[in-house]
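Summary of structural features
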Amino acid sequence: MSTSLPALPAFRSRVVPVVVLQDAAHAVPLAQALLAGGIDVIEITLRTPCALEAIAAVAREVPEMQVGAGTLLSADDVRRAQDAGARFGLSPGHSPALLRAVAEAGLPFVPGVMTPGEVMAAREAGYRLMKLFPATVAGGLDMLKALASPFGDVRFCPTGGVSLDNLGGFLKQPNVALVGGSWLAPAAALRAGDWNQITALARQATELSAG
Ligand SMILES: O=C(O)C(=O)C[C@H](O)[C@H](O)COP(=O)(O)O
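Residues numbered from 1 in each chain as written. Predicted model: local features only at pLDDT ≥ 70, side-chain atom pairs only at ≥ 80, totals over all residues. Heavy atoms only, no water.

So the rule is basically this: UniProt positions are given in the numbering used here, feature names are shortened, and annotations may be inferred rather than shown by experiment.
An unreviewed UniProt entry annotates the protein as 2-dehydro-3-deoxy-phosphogluconate aldolase of Ideonella oryzae. Listed in UniProt under the heading Subunit (unreviewed entry), the comment for the protein reads: "Homotrimer."

1. A word on the overall build of the protein
As a reminder of what qualifies: Every helix listed is a DSSP run of H or I at least four residues long, and every strand listed is a run of E at least two residues long, numbered separately from the N terminus. The globule rule is 2.2 Å times the number of residues to the power 0.38, and the radius of gyration it is compared with is taken over C-alpha atoms. The buried label applies to any residue whose accessible area, calculated with a 1.4 Å probe on protein chains only, is under 20% of its type's maximum; exposed applies above 50%, and partly exposed to all values in between. Contacts were defined at the residue level, with two residues in contact if any of their heavy atoms lie within 4.5 Å. Areas reported as accessible are Shrake-Rupley estimates using a 1.4 Å probe. Residue values count occlusion only from the protein chains shown.
A tally of regular secondary structure across the protein gives 9 helices and 9 strands. Taking 17 Å as the expected radius of gyration for a compact globule of 211 residues, we find that the protein reaches 16 Å, a close match to that expectation. Seen along its three principal axes, the alpha-carbon backbone of the protein occupies a region of about 45 × 35 × 25 Å. The burial tally for the protein puts 51% of its 211 residues in the buried class. Considering only residue pairs separated by 6 or more positions, the protein has 61% of its internal contacts joining residues 24 or more positions apart. Only carbon and sulfur atoms are counted for the fraction: they give 55% of the accessible area of the protein, which is about 9,000 Å².

2. Notes on the side chain of Thr-48
Relative to the elements of secondary structure, Thr-48 occurs in the loop between strand E2 (41-45) and helix H2 (51-61). The contacts of Thr-48, once residues within four sequence positions are left out, are Val-20, Leu-21 and Gln-22.

3. A short note on the sheet that holds strand E6 (residues 112-113)
What counts here: The criterion for strand pairing is that DSSP finds at least two bridges linking the strands in question.
Strand order in this open sheet of 3 strands is E6-E7-E8, and the pairing throughout is parallel. The open sheet has two edge strands with one neighbour each: E6 and strand E8 (155-158). As defined by bridge partners, E6 adjoins strand E7 (residues 129-132) across 2 bridges and the pair is classed as parallel. The partner of Gly-112 across the bridge, within E7, is Lys-131.

4. Things to note about the packing of helix H1 (residues 27-36) against H2
When two helices pack together, their arrangement is captured by the angle between the axes and the distance separating the axes. Selection rule: Comment: axis = line fitted to C-alpha atoms, over the contacting stretch for helices; angle = value between 0 and 180 degrees taken between N-to-C directions. Comment on the angle field: the value is read as roughly parallel under 35 degrees, roughly antiparallel over 145, roughly perpendicular from 65 to 115, and oblique elsewhere. Note: crossing handedness is left-handed where the near helix turns anticlockwise from the far helix by less than a right angle, and right-handed where it turns clockwise. Just so you know the grouping, Ala, Val, Leu, Ile, Met, Phe, Trp, Tyr, Cys and Pro go in nonpolar, Asp, Glu, Lys and Arg go in charged, and all remaining residues, Gly too, go in polar.
Between H1 and H2, whose axes approach to 8 Å, the crossing angle comes to 55 degrees. Compared by their axis directions, H1 and H2 come out oblique. Crossing handedness for the pair H1 and H2: right-handed. Listed contacts from H2 to Ala-27, Val-28 and Ala-31 of H1 are Ala-54, Ala-57, Val-58 and Glu-61. Looking at the contact of H1 with H2, its residues break down into 6 nonpolar, no polar and 1 charged.

5. Describing the sheet that holds strand E5 (residues 109-110)
In space, the 6 strands of this open sheet follow the order E5-E4-E3-E2-E1-E9, with parallel pairing throughout. Edge positions in the open sheet fall to E5 and strand E9 (179-181), since each of these has one partner strand only.

6. Re the site of the ligand
What counts, and what does not: Nearness is judged by heavy atoms alone; a residue qualifies as near a molecule or strand once a single heavy atom is within 4 Å of it. Definition of a polar contact: a pair of N or O atoms within 3.5 Å, with one able to donate and the other able to accept a hydrogen when the atoms are protein atoms, and with sequence-neighbouring residues admitted only if both atoms are side-chain atoms.
The immediate surroundings of the ligand are formed by 13 residues, with Arg-47, Thr-71, Lys-131, Gly-161 and Ser-182 found nearest. Within the contact set of the ligand, an oxygen atom lies 2.6 Å away from a side-chain nitrogen or oxygen of Thr-71. Contact distances for the ligand include 2.5 Å between an oxygen atom and a side-chain N or O atom of Ser-182. Alone, the ligand offers 410 Å² of accessible surface; in the complex the protein occludes 82% of this. Along the lines of polarity and charge, the residues of the shell around the ligand split into 3 nonpolar, 7 polar and 3 charged.

Dropping the structure here:
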């Protein structure tokens, strides 16, 4: 198992909104608001009871949005996310059981890492794109630069502590493919149904990542 893992779906955005939804009815307007701001990928975390329903709604009703399931912690999570229609999965970490489940499911996947040993284990399983989590706690840009030397063929999606203030620096780092963050879908905006605010945040991130 090395380069035969299924590829992530194609998307344009280099910024992946990490969202925690309390109401499945928010999923479709949120996905549309992000798309209107130029973001065509979303990570819906399996941290709330409505997450699977939310993933299914986006997969069904907003096909141009590449919907991923986040916070996959167990084999069961992998199966349920895939059944709901997730096109890929992400996790804050990885374990042998999780990697086995993902391989069996044939689900494109981004494992989480925080140490060189974890990078090596994910690399041995064939992965070349990994979520660095929690990115700023792990050392941020300094950690990414340090990891670049021994792991020249690995690209990262730093997540955890990424914001508009440090986004540009992360995206300029050569071994950073994508960044993830929750700032694009604030809980208060979701509660209030303020989709315009979410489009504005998405547009701001899209512009920053282009420049
Ligand atoms: O749940 C997961 O799968 C995770 O990897 C954790 C999230 O990505 C971070 O909690 C987002 O961090 P902030 O952008 O700093 O809020």
